[in-house]
Amino acid sequence: MKRHTYVALLATLMSASAWGQEVSLYGTTMAQMWKEATPGSDKATFTPATQYLGIDATKLGSDNLSLHLFGWGRADLSDASSFDGSKSGGYLNYGYLQYRFNQANAEIKAGRFTVNQSTGFEQVDGVAVRTDLRGGFTFSAFGGKPVLYRTVDPTSQTDYDFQRDLIFGTRLAWRSGRVTEIGVSYLQDGTKAAKDLTIPSATDYTRKQLGADITITPTSTFDFRGRTVLDLANHPALAAGATEPSKIAEHDYTATVKLGSQVAVSGNYAERNFFAYFAGTNLPSLFRQDEKDQFKGWGGKVTWLTTTSFQMTADYRHMHRETFGDANRAGGDLRWDFNEKAVLLGVGAHWVNAVDAKFVDPAAPYRSLSHREARVWTSVTKGRFTGSLDGIFQRFDSGNPYLAGLHSVYEMVGSLGFQASTNMKVSGDISYGSNPVAKHETRGLLKAEYRFGTAKKGGK
Amino acid sequence: MARKTILQVLGLVLGLGMLMACGLVSPEASFAATHPEGLGAGKPVCSECHTNDVSKGAMKPYASFDHTPAFVQDHRFQANQDVNTCGSCHAQSFCVDCHGGKVPMKPAIKLSESPERMAPHRGDFLTLHKIEGKLDPSSCYTCHGRANNDKCRACHR
């Protein structure tokens, strides 16, 4: 979106907020500081200041009309902290007017908003509608211009901007007997294929996807939900003799069973075919369709929620990547809360065993992906004061080429906060760690969070 | 003349379509825009107060929305199908902490004083991502595949 469009949209929406009978303004101001001294490079000091700001204005002339705005801005007070060398930046995450009808959960949104009702998670400058229909049906649709992001270089950017000219999607779902929901959705992102460019490109930033989702919750003790996404795009013809890649982008299904009031067991299966799943990425060099790789993962989690403020979770996941082989992740977390959640304490440990990884890269030994992780944290609230400590430690198998000779990395974060008033909290963090980039790394952060106004919801 | 006729027919079809669509709309009252009661600290267990009996009017068992560790990790399904339910307690700015499209810092830094919250990339994830990305790049793609990836682009060109 062009800068003058941002200004016009913000001016319109912010002036509209003045009509609201209930307006909430909330924000967070953050100042960070860290220094870098890398051998062979100049020393650098980074002091980025970041401002988040949100507005929720409800009852704009009508009880049903509301306005929602959220964005951030950043300025570097010393060296540039951004990788592109810029010393300032900002972004409007969303800014839309919403009308909620009293009937049928119907609503209309217009402006910049996020939709996740179809196969993807999309940021759109446009219009979205949804409503419940008779007979248990639900309908939603959106359309507009996709929010464009940056890609790797100016040539790719031109192609990307040209192809992603329009985005629209829809979902039709049916609820049966209040225990089952089945949805079918369609998403089209861009109408101009790579072959339509002045200089035809091999990279297609457009997508056409068909999704199906399901939920089955016959009782409060069983919940099954998931989705399958198909890639409908017409991709360039393959070379003679090449294997046709799967059109299934994703299967992702989770079932949860509750055993009594304290124990829940959940299992998940996911399968993703990269050729179809990575369609439309703006980083084709990283999310490579041409690898025609596949990921399959399955696992489970057991959660024990006791009535005495103790929670225990154990999890296991098996991961299989076609070109890299198998890996297993297992671990657990313990969590306590004392004095009506005034004191929280958590301990966790996880292991990743990638002994069966077939190939990492030509220079790396087979076991280099295996590692272990431990985490301990606590947070305390006493009167107006809050404090927290968070430590995370990772140990990697010997021979890991990514660690510059280190076997382990760690980071500790300590935070102190003061609730100055109902509407304002100030806090400060200091973190210390050691990693392959910096043997000793110390960072400081100051934060002020505030919220003013009368609207019931906002910021949380 | 022909153009005028086409427009008239199109208008008639659209008008009839709108009338039919209005007749299809559910007569049920909308879900509460905001949760009527204040909630205590920490993650709510909806089924502690709400009935789970679907035969007594709940559209789905509220237990489906209990904020257990599994729910926090897999909330995409509920957000996909029941965004109105999420919206009765959460403003969209809550989602933006992680799902912002373009954010100035990783969620673990923004939420550093809340270690009890699930925040992706705690600790030195710059090192860990080289391993996690090889085990399952599709887990990275969910957030980074089509968003603004200034940091990714610095190396992955």
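Residues numbered from 1 in each chain as written. Chains lettered and ligands numbered in written order. Predicted model: local features only at pLDDT ≥ 70, side-chain atom pairs only at ≥ 80, totals over all residues. Heavy atoms only, no water.

Some details on the overall build of chain A
Here is the rule: Only DSSP runs of H or I with at least four residues qualify as helices, and only runs of E with at least two residues qualify as strands; both kinds are numbered from the N terminus onward. Throughout, radius of gyration means the C-alpha value; the globule benchmark is 2.2 Å times the number of residues raised to the power 0.38. Partly exposed describes any residue whose relative accessible area lies between the buried limit of under 20% and the exposed limit of over 50%, with all areas from a 1.4 Å probe on protein chains only and scaled to the type maximum. The contact criterion used throughout is that any non-hydrogen atoms of two residues lie within 4.5 Å. Accessibility throughout is a Shrake-Rupley quantity obtained with a 1.4 Å probe, and a residue counts as covered only by protein chains that appear here. Under the counting rule used here, the positive set is Lys and Arg, the negative set is Asp and Glu, and His together with the chain ends is not counted. Note that the charge is assigned to NZ on lysines, CZ on arginines, CG on aspartates and CD on glutamates.
Within chain A one finds 3 helices and 23 strands. Radius of gyration (C-alpha) of chain A: 25 Å, near the 23 Å computed for a compact globule of 460 residues. The principal-axis extent of the C-alpha atoms belonging to chain A is close to 65 × 60 × 55 Å. Sorting the 460 residues of chain A into buried and exposed places 45% on the buried side. In chain A, 47% of the contacts between residues at least 6 apart in sequence involve partners at least 24 apart. Carbon and sulfur atoms form 61% of the exposed surface of chain A, whose accessible area is close to 22300 Å². Averaging the locations of the 51 positively and 45 negatively charged side chains of chain A gives two centres separated by 5 Å.

Brief notes about the layout of surface pockets
All names here are of chain A. Which entries qualify depends on this criterion: In the cavity and pocket records, a cavity denotes points on a 1 Å grid over the protein atoms alone where a 1.4 Å probe fits but cannot get out, a pocket denotes an open set with protein on both sides within 12 Å along at least 5 of 7 lines, and lining residues are residues with an atom within 4 Å of a point. Grid points are joined across faces, edges and corners, and a volume is the space filled by probe spheres set on the points. Here the term charged refers only to Asp, Glu, Lys and Arg, the term nonpolar to Ala, Val, Leu, Ile, Met, Phe, Trp, Tyr, Cys and Pro, and the term polar to all other amino acids, Gly among them.
Its boundaries defined by the atoms lining it, the second largest pocket holds a volume of some 380 Å³. As for the second largest pocket, its lining consists of 17 residues, of which A202, T203, F275, Q289 and D290 are closest to the centre. Residues belonging to the lining of the second largest pocket are distributed by class as follows: 8 nonpolar, 5 polar and 4 charged.

Re the nonpolar core
Selection criterion: The set of buried Ala, Val, Leu, Ile, Met, Phe, Trp, Tyr and Cys residues whose side-chain atoms join them within 4.5 Å is what this entry labels a nonpolar core.
Core analysis: the largest hydrophobic core is formed by 24 residues, its most contacted members being A:F278, A:F396, B:I131 and B:L135. Counting residues per element, the ones that place at least two in this core are α3 (274-277) of chain A together with α7 (125-135) of chain B. Every residue in contact with B:I131, bar those within four places of it in the chain, is listed here: A:S368, A:L369, A:H371, A:F396, A:N400 and A:Y402. In terms of nonpolar packing, the next biggest core, distinct from the first, is built from 22 residues, A:Y94, A:V115, A:I167 and B:V96 among them.

Notes on the environment of A:H318
Mapped onto the elements of the fold, A:H318 is located in strand β16 (residues 310-321). C-alpha separation for the pair A:H318 and A:W298, spaced 20 residues apart in sequence, amounts to 5.4 Å.

Looking at the pairing of strand β1 (residues 22-36) of chain A
All names here are of chain A. Our working definition: Note on pairing: DSSP must find at least two bridges between two strands before they are called paired.
Relative to strand β3 (residues 48-58), β1 runs antiparallel, the two being bridged by 10 bridges. Directly across from V23, in β3, lies its bridge partner A57. As paired elements, β1 and strand β23 (residues 441-453) share 11 bridges and run antiparallel to each other. Paired with Y26 across the strands is R451, a residue of β23.

Observations regarding the packing of aromatic side chains
Residues and elements named next belong to chain A. For clarity, the cut-off: Two aromatic rings, drawn from Phe, Tyr or Trp (for Trp, its six-membered ring), form a pair once their centres lie within 6.5 Å of each other, and the interplanar angle then sorts them: stacked below 30 degrees, edge-to-face above 60, tilted otherwise. Consider the ring centre and the ring normal. A charge sits over the ring if Lys NZ or Arg CZ is within 6 Å of that centre and within 35 degrees of that normal.
Counting across every chain of the model gives 22 aromatic pairs over all chains. Pairwise contacts between aromatic rings join Y26, Y52, F70, Y94 and Y96 into one cluster. Just above the ring of Y96 sits the side chain of K109; from NZ or CZ to the centre is 5.0 Å. Cation over ring: R443 sits above W34, and NZ or CZ is 4.3 Å from the ring centre.

Considerations on the environment of A:Q103
What counts here: Whenever two N or O atoms come within 3.5 Å, that pair is a polar contact, provided that in protein one can donate a hydrogen and the other can accept it, and provided that, for residues adjacent in sequence, both atoms are side-chain atoms.
Looking at where A:Q103 falls in the secondary structure, it is placed in the loop between β5 (88-100) and β6 (107-115). Sequence separation of A:Q103 and A:R171 is 68 residues, and the distance between their C-alpha atoms is 19 Å. In contact with A:Q103, not counting residues within four places along its chain, are B:V25, B:S26, B:P27, B:E28, B:A29 and B:S30. Side-chain polar atoms of A:Q103 contact the backbone oxygen of B:S26, separated by 2.8 Å.

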